[in-house]
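Okay, here's what each chain looks like letter by letter:
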Amino acid sequence: MKVFNFCSKYLQKNRIECFSIVLFSFTSWVLALISPFFMGKYIDYLSRGADLISIGKFVMFLFVIWGTQIITSYYNGIILSRLSSLMTYQISDELFDHLKKVNISFFEENDSVYLSKRIISDAGRIVQFILGNCINFIASFLSIVVSTILLLKLDRVICLFTLCFIPIYLLLFRLFKNDLYLQIKECYEKENRFFSEASNQLKSVKTIKINGWYEKLRKIMQLSFDEYITAQVRQNKLRGMINNIERAISYILSVVVFAYSGYLIINHRLTVGTFTIINSYASKILASLSGLTSMKRTYTDTVVAYDQIQQLLDLEEESSEGIILSKINNIELKHLYFSFPGKEVIKDLNYSFCKGFLYTITGNNGVGKSTLLDLLIGLRDNYSGEILLNGIELRLVNKYSLRENNIAFLEQDTSILFSKITEFLEFDEEATRKWINNFGFEEFFEPMNNIASHEIKLNASNLSGGEKQILSIIRAFSKEKDILILDEPDTFIDKKYIELLCRNLKEESKDRIVIVVTHDKRIIDIADYNLEVGK
């Protein structure tokens, strides 16, 4: 039931498509259900002697039924395919949007490739179950009811014997339910881990080539695949055993129906046409029962997918509530402590950053300089002590508003996720031109001719490290926020630009709080204050 509740809002969003699928599916079901009855009657009609006109009418009737089935199946398939893709995207989109608002520490502990594949796969399994199996469940249930009623009228013995198999099917599912759930979950996990490993190795081809790690990493890939395929085989063995038991039950029923019907036909108590009707509906009952138990097994798959999605949805988002600050004039740190598991990074730090000054943060690699910046902009909240903005504790401040309206931040290694430079720069032509000129970056932008139309390839593969850094510097400076934070801005850029960077940093610090993490002595020398972390 929880899966249906989860999907209800997406079904509501796409109710027209859902109604069309139900309508086409119901039409196909009715036509499929009545076909055996008319075929049996036709056989009896032929055995008693029939004229060509009557045969022609029957053939036309079959043509209409089967033609309608073909048309409804065609359009149902098109709508079903579109709706399945749409709902998979809608669920995935909601999950991705949610995860973007989760604490950053979650992504330090989980692989993003693994998460992406897991989300899309799980969303697809849920949608496939809801759109496919739910309609099949209703159709199978109605088929059992209608076929049972018809069999009762035709032959009660065969009907009652067929119904005896229902509890066997139910018991079969119940016996293997828990084992199947655990094996499906393990298989999905191993599959996602394998594809994650493959993706990570492909992303690191340059490193693999440099170090010659071909065989080492191939063994790791083989080990990951072996774990996946072992889980897959184990699951398929269980599924195969269940399917073979179902097939044996079906064969037993067919043998009984054929033997008993043959006896009745020999004794002239049953016609051949009626036999075909009985056999068709008895088989339909078993097929529908098999469909129901198969749906229950698929539901087990779906529950695994749902549990994994719910696990992600249960992750707490950063609060969108809190105080919105119109202007920030000072930041004060009081007895600030922060630790990663097993490692204390910041210990009893007391410091102040004020408007009108340029601050540098220095220290050896790994002592917590970038972590301190994360704390200042509210990316990590599991600290002890106080971070005060204008005297207000950071935990009480609206983090989304803070980062959007009060802070301009240059990351150490900026990810350029847009296809156009103007989108990345949040293009304000006047401000952009100003900072291009201030930094002397004209020679970088000149080959582009028209900045507004210049495209960035996937992963910014057509930009060098220096070019990405130039774009990131312009973006940070042109935002003109209360706080300007730069994490190693001198990385990747030519020495000739450092002097211009120093000049602009000093100028900007007159009206902002400017904080720079750096190892460059020229930037340290022009700073008003220097905070050495980890000493």
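Before going into details, it helps to say that this report is about the structure given with it. Since the model is a prediction, treat every value here as computed from it, not as a measurement.

About the criteria used
Residues numbered from 1 in each chain as written. Predicted model: local features only at pLDDT ≥ 70, side-chain atom pairs only at ≥ 80, totals over all residues. Heavy atoms only, no water. Helix = DSSP H or I, 4+ residues; strand = E, 2+ residues; numbered from the N terminus. Contact = heavy atoms within 4.5 Å. Polar contact = N/O pair within 3.5 Å; in protein donor to acceptor, adjacent residues only side chain to side chain. Pairing = 2+ DSSP bridges. Core = buried A, V, L, I, M, F, W, Y, C linked by side-chain atoms within 4.5 Å. Buried < 20%, exposed > 50% of the residue type's maximum accessible area, 1.4 Å probe, protein only. Axes fitted to C-alpha atoms, helices over the stretch in contact; angles between N-to-C directions. Phe/Tyr/Trp six-rings, centres within 6.5 Å; stacked < 30°, edge-to-face > 60°. Lys NZ or Arg CZ within 6 Å of the ring centre and 35° of its normal.

A few words now on the overall build of the protein. When its secondary structure is counted, the protein shows 18 helices and nine strands. Long-range pairs, those at least 24 residues apart, make up 79% of the contacts in the protein between residues at least 6 apart in sequence.

Here we come to the side chain of Ser 143. By secondary structure assignment, the location of Ser 143 is in helix 5 (residues 112-154). A polar side-chain atom of Ser 143 sits 2.7 Å from a polar atom in the side chain of Trp 29. Within polar-contact distance, the side chain of Ser 143 engages the backbone oxygen of Ala 139 at 2.7 Å. Every residue in contact with Ser 143, bar those within four places of it in the chain, is listed here: Trp 29, Leu 33, Thr 148, Lys 284 and Ser 288.

Let us look at the sheet that holds strand 5 (residues 392-393). Sheet architecture is open: four strands sit in the order 2-1-4-5, paired in antiparallel fashion. For this open sheet the edge positions go to strand 2 (343-354) and strand 5, each flanked by a neighbour on one side alone. Examined bridge by bridge, strand 1 (residues 330-340) and strand 2 share eight bridges and lie antiparallel to one another. Within the sheet, the bridge partner assigned to Phe 338 lies in strand 2 and is Ile 346.

Looking now at the nonpolar core. Generally speaking, soluble globular proteins have nonpolar side chains that are buried together. Counting residues in hydrophobic clusters, the biggest one holds 33 residues, and the most contacted among them are Ile 331, Leu 333, Leu 336, Phe 353, Ile 361, Leu 372 and Ile 515. Of all the secondary-structure elements, those providing two or more residues to this core are strand 1, strand 2, strand 3 (357-362), helix 11 (369-376), strand 4 (384-389), strand 7 (483-487) and strand 8 (513-517). Ranked by the residues each element gives to this core, the list is headed by strand 2, at five residues. In contact with Ile 515, not counting residues within four places along its chain, are Ile 331, Phe 353, Tyr 359, Ile 361, Leu 373, Leu 376, Leu 484, Ile 485 and Leu 486. With 29 residues, the next largest nonpolar core counts Cys 18, Ile 119, Ile 126 and Leu 131 among its residues.

Taken in spatial order, the five strands line up as 6-7-8-3-9 in an open sheet, and their pairing is parallel. With partners counted over all chains shown, the strands left at the sheet margins are strand 6 (407-410) and strand 9 (529-532), one partner each. The mean inter-strand angle of the sheet, taken between neighbouring strand axes irrespective of direction, is 15°. Of the strand pairs in this sheet, strand 3 and strand 8 are connected by five bridges, and their pairing is parallel. What sits directly across from Tyr 359, in strand 8, is Ile 515.

Each aromatic ring pair is summarised here by two numbers: the centre-to-centre distance and the angle between the ring planes. Across all of its chains, the model carries 20 aromatic pairs by this definition. With a centroid separation of 6.3 Å and an interplanar angle of 70°, the aromatic rings of Phe 225 and Tyr 228 are classed as edge-to-face. With Phe 225 and Tyr 228 both in helix 9 (residues 214-266) and three residues apart, this pair spans about one turn of that helix. Here Phe 225 falls in the partly exposed class, since its relative accessible area comes to 31%. Feature note: the residues Tyr 351, Phe 353, Phe 357, Tyr 359 and Tyr 529 constitute an aromatic cluster, connected by ring pairs. The ring of Tyr 383 has Arg 395 lying over it, and the distance from NZ or CZ to the ring centre is 3.9 Å.

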